[in-house]
Amino acid sequence: METKLKPSFLDEVASVPACGKINECVQCGVCSGSCTTAAHWEHPPRKIIAMVRAGMKDEVLNSSSIWYCVSCYLCTARCPRDIKPANIMHALEAIALNEGYKPPTKTTTMYRSFARSIEQNGRIYEFGFMLEYFLKTNPFAALRMLPMAFSLLTHKRMPLLPKAVKGRHQLNQMFHNITTGGSR
Amino acid sequence: MRYYAYYPGCSMEATGAPVEKAIKAIAKPLDIELMELEDWTCCGSSPFSGVDKVKAMAITARVLAQAEKTGLDLVTPCSSCYTILHEANELMKDDHKLAWQVHEALTSVGLNYNGTVKVRHIVEVIYNDVGVEALAAKVKRPMTGLKVACYHGCQQVRPEYGYDDREYPDWLDRISKALGAEPVNYPLKARCCGSSLVISETDMALDLIHKLLENAADNGAQAIVSTTCPLCHTALDAYQSAVNGKYKSHFNLPVLAVPQIIAVALGLDFKQAALDGNIVSPRKLLSPYFNGRTADSDAPAQKAAAG
């Protein structure tokens, strides 16, 4: 009887574009030491990489840690093994979202609103995407943003209506092509 | 005249509007023609990579495919767009599976990308193609005595583009010097402003912005000259009052996007430089420069006399 092996968590991560070198990490910790937001991570980047390699999938994906990556690429610029920790964090975020994990962070909702804004309009509609995010998380948190939103509005930096472009149809067609595995 | 394909990015239509307006204003005096891509769509930025990497690279590739048709270098002022466009270009060269998936997706909408586009940041174009000497020669209103902290931000220099230092860059310092301004030491000039998470992790981002403002003020800066990234500009300018509220601080540091200060030095007026779009108003700080002998529409007295 043939048994199809399920790919390991490590394989799953390593197969994401730009993440293939995760096996070459020497655990030096330069990424954690460089990380702009490390103070907020329960498991800093070096530890996350070790946990991925140890197969601790649930611990990694249930944690809010990876969601604090601000994509500043200091880790990536300094990594002596060129393993691109920032890309690995985003790969983990995508796996967590796609597999239904619910880490304690609002950034998951923000990313989803961001992606939906692209699907609907072809471009980011800043006002709409923020509104959707606040309605889905904590509308009262938006109150704190009001003075800033108002000054952006009066300085003509916050259009209230979306500008949907024709190209959005192409984007959605492309997404469909990728989801269904292309023409093969 | 130099020609470029131009990709402003979504934020330039909203929070980045003043930066965009200033870029358009200085293009002609700098002999550059920015030809905006038709019907461009979002590059996906970093959040989309946290949703689906292949889809993220596909929508980035749509921009590259459009740019390839023009045969020109693709220039963007947004550092986030710059990073992701650059990354898609590099990844598709190395990762054949990704390249195939993206190719299939592009083909399904009648597009094709051969990987020939050179992605460039507008600050790099100003620095390398226009050049600081040529820029200095065009200065009509020297910014003498203006002490500035030059904020490059993270994604203009990282992860790796092979141009400037990745941790202590000096493009903006050299550009500012060419305009007559005086760049101060600014150790945090390439640290992140946190704006990619400012919506969901507001306190964390305010902390980063606070550090950047404090570091600029402590080093004697009267203003920040920021990169063209609309996210950096908005973080430092629009969120400054939120930082003051949270930290009981009193920062009042105008944030001049580099095309804005170039516009002033080239002799354009306050509105042409889109300085009226800045939330921390630079009017008082810059009035001595506008009231000098080259000031034109900003001096109502002169206007009245002429009229």
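Keep in mind the model is a prediction, meaning the values are calculated, not measured.

## Quick look at the packing of aromatic side chains
Stage number 1. Taken as a whole and assessed by the stated rule, the structure comprises ten aromatic pairs over all chains.
Stage number 2. Following the ring pairs from residue to residue traces out a cluster consisting of Tyr127(B), Tyr163(B) and Trp171(B).
Stage number 3. A cation over a ring is seen here: Arg123(A) above Trp40(B), with NZ or CZ 3.4 Å from the ring centre.
Stage number 4. In this structure, Lys189(B) packs its charged tip against the face of Tyr168(B), placed 4.2 Å from the ring centre.

## Considering empty space enclosed by the protein
Stage number 1. Using the criterion set out here, one finds four cavities of 30 Å³ or more in the structure.
Stage number 2. Computed from the structure, the largest cavity encloses a volume of approximately 570 Å³.
Stage number 3. What lines the largest cavity is a set of 36 residues, and nearest its centre among them are Phe114(A), Ser11(B), Ser195(B), Ser196(B) and Leu231(B).
Stage number 4. Partitioned by chemical class, the residues of the lining of the largest cavity number 24 nonpolar, eleven polar and one charged.

## Looking at the domain arrangement of chain A
Residues and elements named next belong to chain A.
Stage number 1. Each assigned domain of chain A is listed with its residue range as follows: domain 1 (9-98) and domain 2 (107-179).
Stage number 2. Put simply, the middle of domain 1 and the middle of domain 2, counted by C-alpha atoms, are 27 Å apart.
Stage number 3. Taken over both partners, the interface formed by domain 1 and domain 2 buries close to 410 Å², and the fraction arising from carbon and sulfur atoms is 66%.
Stage number 4. Of all residues in domain 1, Trp67, Glu93 and Leu97 give up the largest surface area on contact with domain 2, accounting jointly for 91% of the area buried on that side.

## Some points on the pattern of salt bridges
Residue and element names in this part refer to chain A.
Stage number 1. Tallied over the entire structure, the rule returns 25 salt bridges over all chains.
Stage number 2. For Glu99, the salt bridge identified is with Lys57, shortest N-O distance 2.7 Å. Of the two residues, Glu99 is situated in the loop between helix 6 (85-98) and helix 7 (107-121) and Lys57 in helix 4 (residues 57-61); the sequence distance between them amounts to 42 residues.
Stage number 3. In this structure, Lys136 and Glu132 form a salt bridge, with 3.3 Å as the shortest nitrogen-oxygen distance. Residue Lys136 and its partner Glu132 are located together in helix 8 (residues 126-136), separated by four residues, close to a single helical turn.

## Focus on the packing of helix 10 (residues 167-179) of chain A against helix 5 (residues 96-107) of chain B
Stage number 1. Running from N to C, helix 10 of chain A and helix 5 of chain B point in directions that differ by 135°, and their axes come no closer than 8 Å. Judged by the angle between their axes, helix 10 of chain A and helix 5 of chain B are oblique. The interaxial crossing formed by helix 10 of chain A with helix 5 of chain B has right-handed handedness. Residue-level inspection shows Met174(A), Asn177(A) and Ile178(A) of helix 10 of chain A in contact with helix 5 of chain B, the latter providing Glu104(B), Ala105(B) and Leu106(B).

## With respect to helix 4 (residues 79-94) of chain B
Stage number 1. Here helix 4 of chain B is 16 residues long and its end C-alpha atoms lie 23 Å apart, about the 22 Å a rise of 1.5 Å per residue gives.
Stage number 2. The buried fraction of helix 4 of chain B amounts to 13 of the 16 residues, a majority that puts the element mostly inside the structure.

## Topic: the interface of chain A and chain B
Stage number 1. Taken together, the contact pairs 65 residues of chain A with 68 residues of chain B.
Stage number 2. The contact between chain A and chain B buries some 5800 Å² in all, and 63% of this surface belongs to carbon and sulfur atoms.
Stage number 3. By the criterion of area lost to chain B, the three top residues of chain A are Arg123(A), Arg157(A) and Met174(A), representing 13% of everything that side buries.
Stage number 4. Along the contact surface separating chain A from chain B lie five salt bridges.
Stage number 5. In terms of residue class, the side of chain A that touches chain B is made up of 32 nonpolar, 21 polar and twelve charged.

## Let's talk about the pairing of strand 1 (residues 2-6) of chain B
Residue and element names in this part refer to chain B.
Stage number 1. Across five bridges, strand 1 lies against strand 2 (residues 32-36) in parallel orientation. Residue Arg2 lies in a different strand from strand 2, and its bridge partner there is Ile32.
Stage number 2. In this view, the connection linking strand 1 to its parallel neighbour strand 2 by way of helix 1 (residues 17-27) has right-handed handedness.
Stage number 3. Note that strand 1 and strand 3 (residues 74-76) share two bridges and pair parallel. Paired with Ala5 across the bridge in strand 3 is Leu74.

## Thoughts on the environment of Pro159(B)
Stage number 1. Relative to the helices and strands, Pro159(B) resides in the loop between strand 5 (147-151) and helix 8 (171-178).
Stage number 2. Owing to a relative accessible area of 18%, Pro159(B) belongs among the buried residues under this scheme.
Stage number 3. Once the C-alpha coordinates of Pro159(B) and Glu87(B) are considered, the two residues, 72 residues apart in sequence, prove to be 9.1 Å apart.
Stage number 4. Residues within four places of Pro159(B) in sequence aside, it is in contact with Tyr73(A), Thr76(A), Ala77(A), Thr83(B) and Arg166(B).

## Notes on the confidence of the model for chain B
Stage number 1. Looking at chain B, the pLDDT average stands at 94 and 95% of residues meet or exceed 70.
Stage number 2. Note that residues 293-307 of chain B has pLDDT below 50 and, in this model, 15 contacts with residues that lie over four places away or in other chains.

## Notes on the sheet that holds strand 8 (residues 255-257) of chain B
Residues and elements named next belong to chain B.
Stage number 1. The four strands lie next to each other as 6-5-7-8, forming an open sheet whose pairing is parallel. Sheet topology places strand 6 (182-183) and strand 8 at the edges, where each strand pairs with a single neighbour.
Stage number 2. Of the strand pairs in this sheet, strand 5 and strand 6 are connected by two bridges, and their pairing is parallel. Bridged to Val148 within strand 6 is Pro183.
Stage number 3. Across the sheet, helix 12 (residues 258-265) is in contact with strand 7 (223-226) and strand 8; its angle to strand 8 comes to roughly 85°.

## Let's talk about the sheet that holds strand 1 of chain B
Whenever strands of a sheet pair, they do so through backbone hydrogen bonds, lying parallel or antiparallel.
Residue and element names in this part refer to chain B.
Stage number 1. Pairing within the open sheet is parallel, and its four strands lie in the order 2-1-3-4. Looking along the sheet, the strands with just one partner apiece sit at the ends: strand 2 and strand 4 (119-121). Each adjacent strand pair in this sheet contributes to an overall mean axis angle of 45°, direction not counted.

## Considerations on the domain arrangement of chain B
All names here are of chain B.
Stage number 1. Taken domain by domain, chain B consists of domain 1 (2-122) and domain 2 (132-290).
Stage number 2. Here the C-alpha centroids of domain 1 and domain 2 sit 24 Å apart.
Stage number 3. A combined buried area of about 2200 Å² lies between domain 1 and domain 2, and 68% of that area is made up of carbon and sulfur atoms.
Stage number 4. Here domain 1 is connected to domain 2 by one salt bridge.
Stage number 5. Where Lys138 meets Asp31, a salt bridge forms, and the shortest distance between an N and an O atom there is 3.6 Å.
Stage number 6. Here domain 1 is connected to domain 2 by seven residue pairs in polar contact (both at pLDDT 80 or more).
Stage number 7. At the level of elements, helix 1, helix 4 and strand 4 are the ones that each hand at least two residues to the side of domain 1 that touches domain 2.
Stage number 8. Per element, the largest residue contribution to the side of domain 1 that touches domain 2 is seven residues, and it comes from helix 1.

Rules used in this analysis
- Residues numbered from 1 in each chain as written.
- Chains lettered and ligands numbered in written order.
- Predicted model: local features only at pLDDT ≥ 70, side-chain atom pairs only at ≥ 80, totals over all residues.
- Heavy atoms only, no water.
- Phe/Tyr/Trp six-rings, centres within 6.5 Å; stacked < 30°, edge-to-face > 60°.
- Lys NZ or Arg CZ within 6 Å of the ring centre and 35° of its normal.
- 1 Å grid on protein atoms, 1.4 Å probe; cavity = no way out; pocket = protein on both sides within 12 Å on 5 of 7 lines; lining within 4 Å.
- Points joined across faces, edges and corners; volume = space filled by probe spheres on them.
- Nonpolar A, V, L, I, M, F, W, Y, C, P; charged D, E, K, R; others polar.
- Domains from an automatic or database assignment.
- Buried area = accessible area lost by both parts, 1.4 Å probe.
- Salt bridge = Lys/Arg side-chain N within 4 Å of Asp/Glu carboxyl O.
- Helix = DSSP H or I, 4+ residues; strand = E, 2+ residues; numbered from the N terminus.
- Axes fitted to C-alpha atoms, helices over the stretch in contact; angles between N-to-C directions.
- Parallel < 35°, antiparallel > 145°, perpendicular 65-115°, else oblique.
- Left-handed = near helix turned anticlockwise from the far one by under 90°.
- Contact = heavy atoms within 4.5 Å.
- Expected span 1.5 Å × (residues − 1).
- Buried < 20%, exposed > 50% of the residue type's maximum accessible area, 1.4 Å probe, protein only.
- Pairing = 2+ DSSP bridges.
- Right-handed = clockwise from strand over helix to strand, strands pointing away.
- pLDDT = per-residue confidence, 0-100.
- Polar contact = N/O pair within 3.5 Å; in protein donor to acceptor, adjacent residues only side chain to side chain.

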